[in-house]
Amino acid sequence: MTMNHSTFYRLIKPIESSFGGGRDAFYGPLTRRLKQYHNTPCAKGSVESQPFSLICCPCFSSNSVCEKTSKSNLSTSYEILGSGVILLKNYLSLKDQVDIVNICEKRGVGHGGFYEPSHQNGAKLRLQMMCFGRNWDPVTKYKERYRSDGSKAPPLPYELSSLAKTTIQNAQVHLKELPSMCPDICIVNFYSPVYGRLGLHQDRDESSDSLRRGLPVVSISIGDTAEFLYGYTRNRNKLDNVLLQSGDVLIFGGKSRRIFHGVNQVFPNTAPLPLLQQTALRPGRLNLTLRQF
Ligand SMILES: O=C(O)CCC(=O)C(=O)O
Ligand SMILES: [Fe+2]
């Protein structure tokens, strides 16, 4: 893979990590809940599929994990990737990451949790998805409050909204032009290694006010490493790419709120071993994007 950052300037500086300690870590029940059907309008892009759990039985073996990813004492740094775009490397502590996996597992495993969304033409996206705060799907966007199983998005957990706000404040120290935001939505994606991906797109379904003000998207990566593509055009030859590793947080806002972006590939066996040991996260990559509608 070649790294090409020709159109962006980069700075690498140490930063403070913060998510605060003291939050409860909990493991979601791996129970299968009965589907409840309600007589409510349904989102067409949200046809339900098999229940999906982030947790696999402790099925990983330590020798399937890359040796260099087994260290958890990596230093934190930041890279400015463009106007309004900042990558906070290794920003989240192991505990933060474990807590986030557990929050997502708790709400993701049952009714209103993870499912495989589809495009208008019926083709499935190559990921599992769930939403907090407000439902979004590729067909009806934010228009339908209910999914086809009658579920509504669970409320956005306080831990996630407060994490996003604090992260933006820390990023603003280095990137003055980055607007603040109060997240009310979180889209959670899970990509399996090799197969998982997300085509090039813009995040532009939030309110026109949010987009006009460039309120940032805060994107959290946990688990296996991804190759992330981004740029100001759909032209693949003019895109840049960057690796997003477990614990990284990418923020894009301001003039770059509508950058084109996508996930080109997810590399197997690249998740940190301590994360797998403490969560039993299945192979793949968890991504959370927090936004303000
Ligand atoms: O997985 C990622 O890094 C990006 C996710 C994304 O772009 C989205 O959910 O809109
Ligand atoms: Fe996106």
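A quick note: this is a predicted structure, and the numbers were derived from the prediction, not measured. (Residues numbered from 1 in each chain as written. Chains lettered and ligands numbered in written order. Predicted model: local features only at pLDDT ≥ 70, side-chain atom pairs only at ≥ 80, totals over all residues. Heavy atoms only, no water.)

## Examining the overall build of the protein
Scanning the protein from N- to C-terminus turns up four helices and 12 strands. The buried share among the 293 residues of the protein stands at 56%. A fraction of 80% describes how many contacts in the protein between residues 6 or more apart in sequence connect residues 24 or more apart. (Helix = DSSP H or I, 4+ residues; strand = E, 2+ residues; numbered from the N terminus. Buried < 20%, exposed > 50% of the residue type's maximum accessible area, 1.4 Å probe, protein only. Contact = heavy atoms within 4.5 Å.)

## Some remarks on helix 1 (residues 94-108)
With 15 residues, helix 1 ought to run about 21 Å at 1.5 Å a step, and its terminal C-alpha atoms sit 20 Å apart, in line with that. When you tally the buried positions in helix 1, you get 11 out of 15 residues, the bulk of the element. By the burial criterion, the buried members of helix 1 are D96, Q97, V98, D99, I100, V101, N102, I103, C104, E105 and G108. (Expected span 1.5 Å × (residues − 1).)

## Some words on the pattern of salt bridges
By the definition in use, this model includes seven salt bridges. The closest approach of N and O atoms between E206 and R257, which form a salt bridge, is 2.9 Å. Here the residue E206 occupies a position in the loop between strand 6 (198-201) and helix 3 (208-212), and R257 occupies one in the loop between strand 10 (249-252) and strand 11 (260-266), the gap between them amounting to 51 residues. By the burial criterion, E206 is buried, and R257 matches it. For R212, the salt bridge identified is with D209, shortest N-O distance 2.4 Å. A residue pair is termed a helical-turn pair when its members lie 3 or 4 positions apart in one helix, as R212 and D209 do in helix 3 at three residues. (Salt bridge = Lys/Arg side-chain N within 4 Å of Asp/Glu carboxyl O.)

## Some remarks on the side chain of S246
With respect to the helices, strands and loops of the structure, S246 is situated in the loop between strand 9 (240-244) and strand 10. The class for S246 is buried, based on a relative accessible area of 10%. Of note is the side chain of S246, whose polar atom sits 2.6 Å from the side chain of Q97. Here the side chain of S246 touches G223 through a polar contact of 2.9 Å, landing on its backbone nitrogen. (Polar contact = N/O pair within 3.5 Å; in protein donor to acceptor, adjacent residues only side chain to side chain.)

## Remarks on the environment of L250
Within the secondary structure, L250 is located in strand 10. Overall, the relative accessible area of 2% leaves L250 in the buried class. Between the C-alpha atoms of L250 and L88, which are 162 residues apart in sequence, the distance is 6.1 Å. Each residue touching L250, except ones within four places of it in the same chain, is listed here: L81, V85, I86, L87, V217, V218, S219, F228 and L244.

## Looking at the confidence of the model for the protein
Counting all residues, the mean pLDDT for the protein is 84, and 77% of those residues have values of 70 or more. Across residues 1-14 the pLDDT falls below 50, and counting only partners more than four positions away or on other chains, this stretch makes 42 contacts in the model. With pLDDT under 50 throughout, residues 16-42 is counted as low confidence; its partners more than four residues away or in other chains account for 58 contacts. (pLDDT = per-residue confidence, 0-100.)

## Observations regarding the sheet that holds strand 8 (residues 226-231)
In spatial order, the strands read 6-11-8-9; together these four strands make up an open sheet with antiparallel pairing. Bordering the open sheet on either side are strand 6 and strand 9, each of which pairs with just one other strand. Neighbour-to-neighbour, the strand axes of this sheet turn through a mean angle of 25 degrees, independent of strand direction. As paired strands, strand 8 and strand 9 are joined by five bridges and run antiparallel to one another. In the sheet register, E227 faces strand 9, and the bridge partner there is L243. (Pairing = 2+ DSSP bridges. Axes fitted to C-alpha atoms, helices over the stretch in contact; angles between N-to-C directions.)

## Remarks on the UniProt feature "binding site: Fe cation" (unreviewed entry) in the protein
According to UniProt, the feature "binding site: Fe cation" (unreviewed entry) maps to H201, D203 and H261 in the numbering used here. Across 61 residues, the annotated set stays spatially compact, with a maximum C-alpha separation of 8.6 Å. Locating H201 in the fold gives a position in strand 6. Not counting residues up to four positions away in its chain, the partners in contact with H201 are I259, F260 and H261. (UniProt positions renumbered as here; feature names shortened; annotations may be inferred.)

## A short note on the pairing of strand 10
Every second residue of strand 10 is oriented toward a common face, with V249 and I251 on one face and L250 and F252 on the other, all of them buried. In this structure, strand 3 (residues 85-89) lies alongside strand 10, joined through four bridges in antiparallel fashion. By the bridge assignment, I86 is partnered in strand 10 with I251.

## Remarks on the site of ligand 1
In the region of ligand 1, the neighbouring residues are N189, Y191, L198, H201, D203, F228, H261, V263, R285, N287, T289 and R291. Here an oxygen atom of ligand 1 sits 2.8 Å away from a polar atom, N or O, in the side chain of R285. At 3.2 Å, a side-chain N or O of N287 approaches an oxygen atom of ligand 1. Protein coverage of the free-state accessible area of ligand 1, which is 290 Å², stands at 94%. Within the residue set of the shell around ligand 1, elements represented by two or more residues are strand 5 (185-191), strand 6, strand 11 and strand 12 (285-291). It is strand 12 that contributes the most residues to the shell around ligand 1, four residues altogether. Looking at the shell around ligand 1 residue by residue, the classes come out as four nonpolar, five polar and three charged. (Near = heavy atom within 4 Å. Areas by Shrake-Rupley, 256 points an atom, 1.4 Å probe, with all protein chains shown as cover. Nonpolar A, V, L, I, M, F, W, Y, C, P; charged D, E, K, R; others polar.)

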